Amino acid sequence: LRTCGPTMSAFNAWVFLKGLETLRLRMEAHSRSAQDLALWLQQQPQVEQVFYAGLPDHPGHELARRQQRAFGGVLSFTVRGGRQQAWDVIDAVRIMSLTANLGDAKTTIVHPATTTHGRLTPQDRAQAGITDNLIRVAVGLEHVDDLRADLARALAAVR
């Protein structure tokens, strides 16, 4: 422990290695579904803006296109309104889990302004683009039709 630092148990190392065997397939699925969901979200009237490097209008799209094969499984979007409308969407989803985890097999949803970035000052959040109406989704391995239906129901709940 003193010379090498903490290490995984043999079982955890084995589980980790087993997960690496399917990482490429999982990342392809995450990316494909996130791209589909981002395009769909852009068409929803309750959504102001979608942030996903796979969208041609994203400021980092060209750089990501040159450096990556796909654009990953994490996207964010702003809903019309403010904090309450964002929480209305988050509270209305049924498939997505409210958690800040990324890269899970299950799709997660989070309100960054009050969770992952909640300790920042309002000025620092604004500078980072973390608005009260921002929602982040880490797309999992569920069928994208189910994710769209879940978000459609949740967006309909926006007051």
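Coordinates for the structure precede this section.
A.B. asks: Tell me about the overall build of the protein, and please be specific about residues and values.
C.D. replies: When its secondary structure is counted, the protein shows 6 helices and 5 strands. Reading the secondary structure of the protein in the N-to-C direction produces α-α-β-α-β-α-β-β-α-β-α. Once the C-alpha set of the protein is aligned to its principal axes, its extents read approximately 55 × 35 × 35 Å. Per-residue burial for the protein yields a buried fraction of 38% across its 159 residues. Partitioning the contacts of the protein with sequence separation of at least 6, the portion at a separation of at least 24 is 69%. Per element, the accessible surface of the protein, about 9,600 Å² overall, is 55% carbon and sulfur. For the protein, the distance from the average site of its 18 positive side-chain charges to the average site of its 15 negative ones is 6 Å.

A.B. asks: An account of helix α6 (residues 144-156) is needed here, citing residue identities and associated values.
C.D. replies: A rise of 1.5 Å per residue sets the reference length of α6, with its 13 residues, at 18 Å; its end C-alpha atoms lie 18 Å apart and thus fit the reference within 8%. Looking at α6, one finds that the buried residues are V144, L147, R148, D150, L151, A154 and L155. Along the axis of α6, the buried positions cluster into a sector of 160°, meaning they face one direction only. On the buried face of α6, the contacting elements are α2 (23-42), β1 (47-51), β2 (74-79) and α4 (83-92).

A.B. asks: Tell me about the environment of A38, and name the residues and values.
C.D. replies: Here A38 is to be found in helix α2. Along the chain, A38 and Q85 lie 47 residues apart, while their C-alpha atoms are 19 Å from each other. Among all residues touching A38, those that are not within four sequence positions of it are V50, Y52, L55 and L75.

A.B. asks: Break down the pattern of salt bridges for me, citing the residues and quoting the values.
C.D. replies: A side chain of one charge can pair with a side chain of the opposite charge when the charged atoms of the two come close. The tally for this structure, following the rule as stated, stands at 7 salt bridges. Residue D132 pairs with R83 through a salt bridge whose shortest N-O separation is 3.3 Å. Of this pair, D132 sits in the loop between α5 (122-128) and β5 (134-138) while R83 sits in helix α4, placing them 49 residues apart in sequence. D132 gets classed as partly exposed once you look at its relative accessible area, which sits at 34%. According to the relative accessible area criterion, R83 is partly exposed, its value standing at 36%. Shared partners join several salt bridges into a network, and the residues in it are D36, D145 and R148.

Definitions and limits used
- Residues numbered from 1 in each chain as written.
- Predicted model: local features only at pLDDT ≥ 70, side-chain atom pairs only at ≥ 80, totals over all residues.
- Heavy atoms only, no water.
- Helix = DSSP H or I, 4+ residues; strand = E, 2+ residues; numbered from the N terminus.
- Buried < 20%, exposed > 50% of the residue type's maximum accessible area, 1.4 Å probe, protein only.
- Contact = heavy atoms within 4.5 Å.
- Areas by Shrake-Rupley, 256 points an atom, 1.4 Å probe, with all protein chains shown as cover.
- Lys, Arg positive; Asp, Glu negative; His and termini not counted.
- Charge placed at Lys NZ, Arg CZ, Asp CG, Glu CD.
- Expected span 1.5 Å × (residues − 1).
- Arc of directions from axis to C-beta.
- Salt bridge = Lys/Arg side-chain N within 4 Å of Asp/Glu carboxyl O.

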